[in-house]
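# A look at the structure
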Amino acid sequence: MLNIDFYAGAVIRLATLQKQRGQAGRLLFATISLLPRGRPLPPPMKGLDQCPVGKTGETVFFRRVLLSVQEAIDWYRTLGSEDDKSPTPSRSEERNSKYDGIKIEIPMLTDDPAWPYLGLPMGEGLFAHLSGRSHPAPFMGTVPARIHRRFGSQEGFDLMRADDKAMAFVARRLHVDLRLYWEYLGSVALVAPDPVLKQIDNFMIPASAGRGEGIFYRFVPRSGESLAGLKLTTFDEQNHLLTDFNTREIPDDGILDIDKGDCTGTYGYVVTHPEHGLLAYSPPFPFVRQIGMTSHLVSQGGKIVSVPTGESANSPRMEYPAAKRPELASHSLIGDAARIPNVNRRIAIAASHRDKLQNAKQYGQRWFPDGSREEAMRFVQGELRRAQSRVMIADPYLAGLQLGQFLYAVNPETTTVTLLTSGLAFKSKEQELSKTDDFSLRLAQLEKDAKVIAKAYVLQSSILHDRFLVIDDAVWFLGNSLNTLGDRASLIVKLPNPDEVIDQLESMLKQAIPFGDYKIRQAKNQEDAAS
């Protein structure tokens, strides 16, 4: 829940996208950041910033304004109505009728979580710099805060997302890369920093005479605030076992010293407030006991190696520095090992091995040893049989024989088939025409026997080297072409980011020509050569 009495004001950062001059701008993304009491207000922004989106005629506008907390909340909660307007600064001297209180377009918004509840982003650790791409709210900065979000339509931003300059313009001002965090397009977020705590210290105390190792906590309130009512819930984990779960009241001096005996596990905590709810969260982490340091003295200067970029005699050359050999090295170890032997490393190594096996299974990593051709063929046939919407085979050596070896497994009623091959599959001066004839006959036979209509395309240049199998939204990387998979030792693996590969393959399709056109062209070339 949000108590506005703990905040002194609010900063609204608003970006809109104007399709055509004179039209109302559409909400691109906005944040409402509340300012805790005692924090000075930032200076007002004069005018606004704008950035054209290439030569599309679209323009991105940005303005930052200062409002009272209540006015900012009211503006946030009324967004998505029929009469949406840009926010008007609370102080009259900061207002500008050209930019403030003007109509903006905002489609219907969906609350997440349900208002008035706020959520605490779960990140890498308390008061740490949460900069990972998986962080749910990169725009909140480095200060722990709770957030509320209102998500709107993402449609209509394609041209802007394709423009690097416009995306960088927005990222600098709203502190979020909307190309990565595209879920925030057309949306708005409320950021409510922790109004009570300024700082939390948390570290391990070494063992001493009469007591074991302990964990020390120190909570520092903001100026004018108290720690009354704050509670600390700690949870300890030892090799995937929950070993302790405790809730304690934080004393007035903000100091807790908890005896643990031996801190060989991982330790996390949550801080709660009777009015604000969750204030801070730290996932279970181990304490660093030892740090190994190695220093080298490296001579200045190094050999620069010049090499060709390819096999051709005319290949351009590039340079790179050779490795420098250290002349002197020193090693040091800071800190003490655990007092008692533990099995953490043993369990971690075994768990890591299981994780690797699970990841290999998840991504379909399969090794086919030399001479396992039938096993490899049956594996691919089985995957094709599971296709629900599309199959694409991209293989520069895909020829007629593979059509019968694999594509009869595809369900023609639900699945489209696209083949991307290259002229290399038909290269043979004596047999080029017969290879294209064979490919054409097998395509016709596939359609006649299995009702599978495969659209084939040929790349005339050798821009495709690797082999890929697209099944629905998944992409398999093939170590060998389908015509030799398993004949020799081969690897096949499902890629973790298939979208990039699919986009590239579809781009290659635009450069390829339909197989029928390729066949006619090759036949003409044969006739011209014969004459």
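Details of the structure are given in the entry above.
Model, not experiment: these values are computed from the prediction.

## Comments concerning the pattern of salt bridges
- Going through the model one piece at a time under the given rule, you end up with 21 salt bridges.
- Salt-bridge contacts for Glu-94 lead to Arg-91; the nearest nitrogen and oxygen are separated by 2.4 Å.
- You can call Arg-91 partly exposed: its relative accessible area is 34%.
- For Arg-390, the salt bridge is made with Glu-506, and the minimal N-O distance between the two is 3.6 Å. Of this pair, Arg-390 sits in strand S21 (residues 390-394) while Glu-506 sits in helix H8 (residues 498-511), and the two are 116 residues apart along the sequence.
- By relative accessible area, Arg-390 is classed as partly exposed at 23%.
- Bridged by salt links that share partners, the residues Arg-77, Asp-111 and Arg-150 form one connected network.

## Focus: the nonpolar core
- Grouped together as the largest cluster of nonpolar side chains are 37 residues, with contacts concentrated most on Leu-384 and Leu-419.
- A total of five residues in this core trace back to one element, the largest contributor, which is helix H5 (residues 373-385).
- Look past the residues within four positions of Leu-384 in its chain and what remains in contact with it is Val-391, Phe-406, Ala-409, Val-410, Leu-469 and Ile-471.
- In terms of nonpolar packing, the next biggest core, distinct from the first, is built from 28 residues, Ala-137, Phe-157, Met-160 and Tyr-181 among them.

## Observations regarding the sheet that holds strand S9 (residues 197-205)
- Read across the sheet, three strands follow the order S9-S10-S13 without closing on themselves; strand pairing throughout is antiparallel. Two strands lie at the open edges of the sheet, namely S9 and strand S13 (255-261), each paired on one side alone. When strand polarity is set aside, the average angle formed by the axes of neighbouring strands in this sheet is 15°.
- Strand direction decides the pairing type here: strand S10 (residues 213-221) and S13, joined by six bridges, are antiparallel. Residue pairing across strands places Tyr-217 opposite Leu-256, the latter belonging to S13.

About the cut-offs
- Residues numbered from 1 in each chain as written.
- Predicted model: local features only at pLDDT ≥ 70, side-chain atom pairs only at ≥ 80, totals over all residues.
- Heavy atoms only, no water.
- Salt bridge = Lys/Arg side-chain N within 4 Å of Asp/Glu carboxyl O.
- Buried < 20%, exposed > 50% of the residue type's maximum accessible area, 1.4 Å probe, protein only.
- Helix = DSSP H or I, 4+ residues; strand = E, 2+ residues; numbered from the N terminus.
- Core = buried A, V, L, I, M, F, W, Y, C linked by side-chain atoms within 4.5 Å.
- Contact = heavy atoms within 4.5 Å.
- Pairing = 2+ DSSP bridges.
- Axes fitted to C-alpha atoms, helices over the stretch in contact; angles between N-to-C directions.

Purely spatial values, then, with no claim about function.
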